[in-house]
Each structure stands twice: as C-alpha cells, then as structure tokens.
Amino acid sequence: SQALALLETRLAAEGKALHFQLFRIYVIDPTRDDRSPPSRKELAERFGIKPHDVDNYLRYTRKCAREILARLARDYLDPSGDVDGEVSFLLGGS
C-alpha cells in the first residue's frame, strides 16, 4: 500500500531500516498470514538487540505510520473531515 511504501522510505531515509523490518515481521506479516507474531524477545535475539529496543523501535514506527496515515487521510477527506477518527478507524480503533 501507499502508506507502507511511504513508511519504509521515510525510515530508510532516517537510517532506521531495522525499525521497518521489525514492524513488518511483528505487525504486517502476521496480519497477512493470519498467524501470531514472534515475541519481542525472539526478535531481539534474532537481530542482536535488547527487548526494550524492539519496543522502542516499534513505538517509533507506529508513530510514523500514524503521521503518514493522517497526511494521506487529509488528502482524501474534505476539509471538515475527521482525520483523527479516520486514522483511528484504519488502525483498528487504536
């Protein structure tokens, strides 16, 4: 999707390609494959980082994803549209 491509490009430009890779493995792939994600501990071990780093990288990536979705929603909604509501809806109410 456009949002994921923009997210990946943004994070790569920031030198945070690992952030996107973790997000893909933890959030996107399990959703597409209808399976449970690996644990954060497993990801930390796999990539040689600490579990709290996994948490921080995922948190940052979600923040960036929300910003990108908000920008895209603004482009598609009329000026009086509820951008926050649309982004919340797209993210499953989170």
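On a predicted model such as this, the values are computed, not experimentally measured, just so you know. For every chain, the first residue of the written sequence is number 1, and numbering continues from 1 along that sequence. Restriction of local features to residues with pLDDT of at least 70 applies here, the model being predicted, together with a cutoff of 80 or more for giving and counting side-chain atom pairs; totals for whole chains, interfaces and linings are based on all residues. The side-chain quantities take in all heavy atoms of the structure and omit both hydrogens and water.

A. Expanded view of the overall build of the protein chain. Across its full length, the protein chain holds five helices and zero strands. Secondary structure elements are taken from DSSP: a helix is a run of H or I of four residues or more, a strand is a run of E of two residues or more, and numbering for both begins at the N terminus. Helices and strands in the protein chain line up, N terminus first, as α-α-α-α-α. Areas reported here follow the Shrake-Rupley algorithm with a probe of radius 1.4 Å; residue values treat only the protein chains shown as occluding. For the protein chain, the accessible area works out to roughly 6,100 Å², and carbon and sulfur atoms hold 51% of it.

B. Representation of the confidence of the model for the protein chain. Residue-level confidence of the predictor is what pLDDT reports, using numbers from 0 through 100. On average, the protein chain scores 88 in pLDDT, and the residues at 70 or more come to 82%. Element-level pLDDT for the protein chain is lowest in helix 5 (residues 83-90), with a mean of 66, against a maximum mean of 97 in helix 3 (residues 40-47).

C. Quick look at the packing of helix 2 (residues 17-33) against helix 4 (residues 51-76). In the contact formed by helix 2 and helix 4, the axes pass within 9 Å of each other and the chain directions differ by 90°. One element, helix 2, and the other, helix 4, form an angle in the roughly perpendicular class. Along the contact surface, helix 2 presents L18, H19, F20, L22, F23, Y26 and V27, while helix 4 presents Y57, L58, Y60, T61 and R62. Following the grouping adopted for this structure description, the nonpolar residues are Ala, Val, Leu, Ile, Met, Phe, Trp, Tyr, Cys and Pro, the charged ones are Asp, Glu, Lys and Arg, and the polar ones are all others, Gly among them. Taken together, the residues of the contact of helix 2 with helix 4 break down into nine nonpolar, two polar and one charged. Throughout, an axis means a line fitted to C-alpha atoms (over the contacting stretch in the case of helices), and angles, computed between N-to-C directions, take values from 0 to 180 degrees. Geometric relationships in this document are graded by angle, where less than 35 degrees denotes roughly parallel, more than 145 denotes roughly antiparallel, 65 to 115 denotes roughly perpendicular, and other angles denote oblique. Only heavy atoms enter the contact rule, under which two residues are in contact if any of them lie within 4.5 Å.

D. Broad picture of the nonpolar core. Note on terminology: a nonpolar core comprises buried Ala, Val, Leu, Ile, Met, Phe, Trp, Tyr and Cys residues joined through side-chain atoms within 4.5 Å. For the exposure calls, accessible area comes from a 1.4 Å probe over protein chains only, and a residue counts as buried if that area is under 20% of its type's maximum, exposed if over 50%, partly exposed in between. L7, L43, V54 and L58 are the most contacted members of the largest nonpolar core, which totals 19 residues. Secondary-structure elements contributing two or more residues to this core are helix 1 (2-13), helix 2, helix 3 and helix 4. Ranked by residue count, the leading element in this core is helix 4, at seven residues.

E. Broad picture of the packing of aromatic side chains. A pair of aromatic rings is counted whenever rings of Phe, Tyr or Trp (Trp by its six-membered ring) have centres within 6.5 Å, and the orientation is called stacked for planes under 30 degrees apart, edge-to-face for over 60 and tilted otherwise. Under the criterion given, the structure shown has zero aromatic pairs. Taking NZ or CZ as reference, K16 lies 5.2 Å from the ring centre of Y60, over its face. To sit over a ring, a charge needs its Lys NZ or Arg CZ within 6 Å of the ring centre and within 35 degrees of the ring normal.

F. Main features of the packing of helix 3 against helix 4. The N-to-C vectors of helix 3 and helix 4 enclose an angle of 105°; their axes lie 8 Å apart at closest approach. In terms of axis orientation, helix 3 runs roughly perpendicular to helix 4. Touching R40, L43 and A44 of helix 3 are P51, V54, D55, L58 and R62, all from helix 4. Broken down by class, the residue content of the contact of helix 3 with helix 4 amounts to five nonpolar, no polar and three charged.

G. Region of interest: the pattern of salt bridges. Here, a salt bridge means any side-chain nitrogen of Lys or Arg that lies within 4 Å of a carboxyl oxygen of Asp or Glu. Evaluation of the coordinates by the stated rule reveals six salt bridges. In this structure, the salt-bridge partner of R10 is E14, at a minimum N-O distance of 3.1 Å. Residue E67 pairs with K63 through a salt bridge whose shortest N-O separation is 3.0 Å. Placement of both E67 and K63 in helix 4 is noted, with a separation of four residues, approximately one turn of the helix. For E67, a relative accessible area of 35% corresponds to the partly exposed category. What emerges from the salt-bridge pattern is a single network uniting R10, E14, K63 and E67.

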